[in-house]
Amino acid sequence: MKNLTKRLLVISLALLSIQTQANEIKSVIDKDYQQHLASLWDHFHRNPELSLMEFKTAKRLAAEIRAAGFEVTENVGGTGIVAIMKNGEGPTVMMRADMDGLPVIEQSGLANASKAVMKDWNGEEVGVMHACGHDVHITSLVGTARYMASSKDKWSGTLMLIGQPAEERGPGASAMMDDNLWQRFPKPDYAFAFHVNAAAEAGKVTVDEGSPYAGADTVDIIVHGVGSHGAYPHQGKDPIMIASQIVNNLQTIVSRELAPRDAGVVTVGAFHSGTKHNIISDKAHLQLTVRSLNPRVREQLLAAIERIAIGTAKTAGMSDDKLPEVTVSEFSFPPTQNDKTLAQRVKQTLVNKMGQEALTPPNNSGMGAEDFGFFTTKPYIPSVYFSVGGTPKEDFERAKKGGAAVASHHSPLFKISPEPAVKSGIEATVHILLDLMKKQP
């Protein structure tokens, strides 16, 4: 009986110690948010920049993290930054935050709504806003840097913080890899990132044990025809008719070729052909986005698209020299696949430190893509990409009662409640880092 009592006392003291440490971390983060990070988020939100043009954002982010004591390298893969802090023996752990905005005019109604205007990649002036919450990500990255730098007695190893450009347009992560990221800097033993989620309650954390983001391929199909007068269709081969049949036939891939438990999306986002009412064109152009969660399904989808395009044209009587040209862009996003063992460890850590009520289950209803996988695929690095809710609970309740709907990402109405999102992002990240980078004796 005495031994049992002693063991229970030891367990109780251990739990009390864990909770005390978690409360201390929460308190430090809260104070830093009030004194510094709130105004920093405000600055980033008011001053978004487009992909590949994040010059001022990257400069401010680098300055903030350098001031915390990190060794910072700028202009990696364009405007990317890499910050390193070595703190004795231990693993190398990476945390990444993307920093670009979108060509959207903000209509959120926020007092600090962006009024930024930039020339886009085509030289046209466009409004710019953080319509996907990257301002939350980089503010949280600074908060993480400041906490970890001030708490070096609690961890051991090498911490790598990455400010990544051009996630929205796509080439950011791959550009940093092409700039010899893992040759110039230590290759991480573990890699992490998070995304704020407007569809989840503010401050709640989600850790998916599978694939939180799909892989994405861009596919172009040039459908050839034989031009003729619109009044004499029998004298030509109408590429619009052939392309229309291809569009319909492509929809059978997911419904009739993929196994019911495999996930995939084939969307024709653009259809271009013709110049005038009474002319049958000699060409049509289809633009597709193709989404998948693993390499096997990806190959199945791409092979089926080419087979259907060519087969449909042959059925229409097109000669072999005029069959469709199917081109898969060299720039494709690999699926973001969380390491299951690491994800389970992360979930347990967050439950222990933040409480079960701080976590919410995944709601993978779409096939959005991310370029984070470029960092972790070749070579393979165990990684976890988690999410943090950004919308107050009362907003969801109001929407259920017929009030304004919660705006989606990339909407001009998009808005995030920054305080719970930023603080929970930092808190979750810090707990993960401290667990993996335990202080060496």
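Residues numbered from 1 in each chain as written. Predicted model: local features only at pLDDT ≥ 70, side-chain atom pairs only at ≥ 80, totals over all residues. Heavy atoms only, no water.

Draft legend 1. Structural detail: the overall build of the protein chain. When you go through the protein chain residue by residue, the secondary structure sums to 11 helices and 15 strands. With the principal axes as the frame, the protein chain shows a C-alpha extent of 95 × 55 × 55 Å. In the protein chain, the proportion of contacts linking residues at least 24 apart, taken out of those at least 6 apart, comes to 82%. Total accessible area on the protein chain stands at roughly 21,000 Å², and carbon and sulfur atoms take up 52% of it. Each charge class in the protein chain was averaged separately, 45 positive and 48 negative side chains, and the resulting centres sit 6 Å apart. (Helix = DSSP H or I, 4+ residues; strand = E, 2+ residues; numbered from the N terminus. Contact = heavy atoms within 4.5 Å. Areas by Shrake-Rupley, 256 points an atom, 1.4 Å probe, with all protein chains shown as cover. Lys, Arg positive; Asp, Glu negative; His and termini not counted. Charge placed at Lys NZ, Arg CZ, Asp CG, Glu CD.)

Draft legend 2. Here's a closer look at the pattern of salt bridges. This structure, assessed with the given rule, holds 19 salt bridges. A salt bridge links Arg46 to Asp42; the nearest nitrogen and oxygen atoms lie 2.8 Å apart. Pair noted here: Arg46 and Asp42 are both in helix H1 (residues 2-46), with a separation of four residues, about one helical turn. Residue Arg46 is classed as partly exposed on the basis of its relative accessible area of 38%. Connected via shared salt-bridge partners are Arg96, Asp98, Glu370 and Asp371. (Salt bridge = Lys/Arg side-chain N within 4 Å of Asp/Glu carboxyl O. Buried < 20%, exposed > 50% of the residue type's maximum accessible area, 1.4 Å probe, protein only.)

Draft legend 3. Highlighting the packing of aromatic side chains. Under the counting rule described, the total for this entry stands at six aromatic pairs. With a centroid separation of 6.2 Å and 65° between ring planes, the pair formed by Phe372 and Phe375 is classed as edge-to-face. Each member of the pair, Phe372 as well as Phe375, is classed as buried. Ring geometry for Phe372 and Tyr385: centres 5.5 Å apart, planes at 70°, overall edge-to-face. One end of the pair, Phe372, is in the loop between helix H8 (340-354) and helix H9 (373-376); the other, Tyr385, is in strand E15 (residues 383-391), and 13 residues separate them in sequence. By way of ring pairs, the aromatic residues Trp182, Tyr213, Phe372, Phe375 and Tyr385 are connected into one cluster. Above the plane of the ring of Trp121 lies Arg169, whose end atom (NZ or CZ) is 4.0 Å from the centre. (Phe/Tyr/Trp six-rings, centres within 6.5 Å; stacked < 30°, edge-to-face > 60°. Lys NZ or Arg CZ within 6 Å of the ring centre and 35° of its normal.)

Draft legend 4. Region of interest: the nonpolar core. Formed by 65 residues in total, the largest nonpolar core has its most connected members in Ile65, Phe70, Leu161, Phe192, Leu350 and Phe386. Broken down by element, the residue count for this core peaks at nine residues, all from helix H11 (residues 418-436). When sequence neighbours within four positions are dropped, the list of residues in contact with Phe386 reads Met95, Ala193, Phe194, His195, Val205, Thr206, Val207, Ala428, Thr429 and Ile432. Core analysis: the next-biggest nonpolar cluster, separate from the first, contains 25 residues, Val223, Leu250, Leu286 and Leu302 among them. (Core = buried A, V, L, I, M, F, W, Y, C linked by side-chain atoms within 4.5 Å.)

Draft legend 5. Spotlight on the pairing of E15. Within E15, nine of the nine residues are buried, leaving the element largely enclosed by the surrounding structure. As judged from the eight bridges shared by strand E7 (residues 190-201) and E15, these two strands associate in the parallel manner. In the strand pairing of E15, Ala193 is matched with Tyr385. Examined bridge by bridge, strand E8 (residues 205-206) and E15 share two bridges and lie antiparallel to one another. Residue pairing in the sheet places Val205 in a bridge with Val388 of E15. (Pairing = 2+ DSSP bridges.)

Draft legend 6. Representation of the sheet that holds E7. Spatially, E1-E2-E6-E3-E7-E15-E8 is the arrangement adopted by the seven strands of the open sheet, whose pairing is mixed. Both outer strands of the open sheet, strand E1 (71-76) and E8, are each paired with one neighbouring strand and no more. Judged from the four bridges that link them, strand E3 (residues 92-98) and E7 form a sheet pairing that is parallel. When the sheet's bridge partners are listed, Arg96 is paired in E7 with Ala193. Strands E1, strand E2 (80-87) and strand E6 (157-164) of the sheet are contacted by helix H2 (residues 55-67), whose axis makes an angle of about 165° with E1. (Axes fitted to C-alpha atoms, helices over the stretch in contact; angles between N-to-C directions.)

Draft legend 7. Summary view of the environment of Asn180. Mapped onto the fold, Asn180 is located in the loop between helix H4 (171-178) and helix H5 (181-184). Under the relative-accessibility criterion, Asn180 is labelled partly exposed at 39%. Residues Asn180 and Gly77, spaced 103 residues apart in sequence, show a C-alpha to C-alpha distance of 8.7 Å.

Draft legend 8. Spotlight on the pairing of E6. Of all the eight residues making up E6, eight are buried; the element is thus mostly covered by neighbouring parts of the structure. For E2 and E6, the ladder comprises seven bridges, and the chain directions are antiparallel. Residue pairing for E6: Met85 is matched across the bridge by Leu159. Bridge count for E3 against E6 is seven bridges, and the pairing is parallel. Following the sheet pairing, Met94 is matched in E6 by Met160.

Draft legend 9. Structural detail: the environment of Thr327. Along the chain, the position of Thr327 falls in strand E14 (residues 325-328). Residue classification places Thr327 among the partly exposed positions, given a relative accessible area of 45%. Considering only alpha carbons, one finds Thr327 and Lys204, 123 residues apart in sequence, at a separation of 41 Å. When sequence neighbours within four positions are dropped, the list of residues in contact with Thr327 reads Thr218, Val219 and Asp220.

Draft legend 10. Fine view of the packing of helix H3 (residues 134-150) against H11. Running from amino to carboxyl end, H3 crosses H11 at an angle of 45°, the nearest separation of the two axes being 9 Å. As far as their axial angle goes, H11 and H3 are oblique. Relative to H11, H3 is oriented so that their crossing is right-handed. Facing Val136, Thr139, Ser140, Gly143, Thr144, Tyr147 and Met148 of H3, the residues of H11 in contact are Ala421, Val422, Gly425, Ile426, Thr429, Val430, Leu433 and Leu434. Per-class residue counts for the contact of H3 with H11 are nine nonpolar, six polar and no charged. (Parallel < 35°, antiparallel > 145°, perpendicular 65-115°, else oblique. Left-handed = near helix turned anticlockwise from the far one by under 90°. Nonpolar A, V, L, I, M, F, W, Y, C, P; charged D, E, K, R; others polar.)

Draft legend 11. Representation of the packing of H2 against H3 in the model. One can describe the packing of H2 onto H3 by two numbers: an axis separation of 9 Å at closest approach and a directional angle of 15°. Considered as vectors, H2 and H3 are oriented roughly parallel to each other. At the point where H2 passes H3, the crossing takes the right-handed sense. Judged by residue contacts, Thr57, Leu61, Glu64 and Ile65 of H2 engage Ile138, Leu141, Val142 and Ala145 from H3. Of the residues assigned to the contact of H2 with H3, the class counts are six nonpolar, one polar and one charged.

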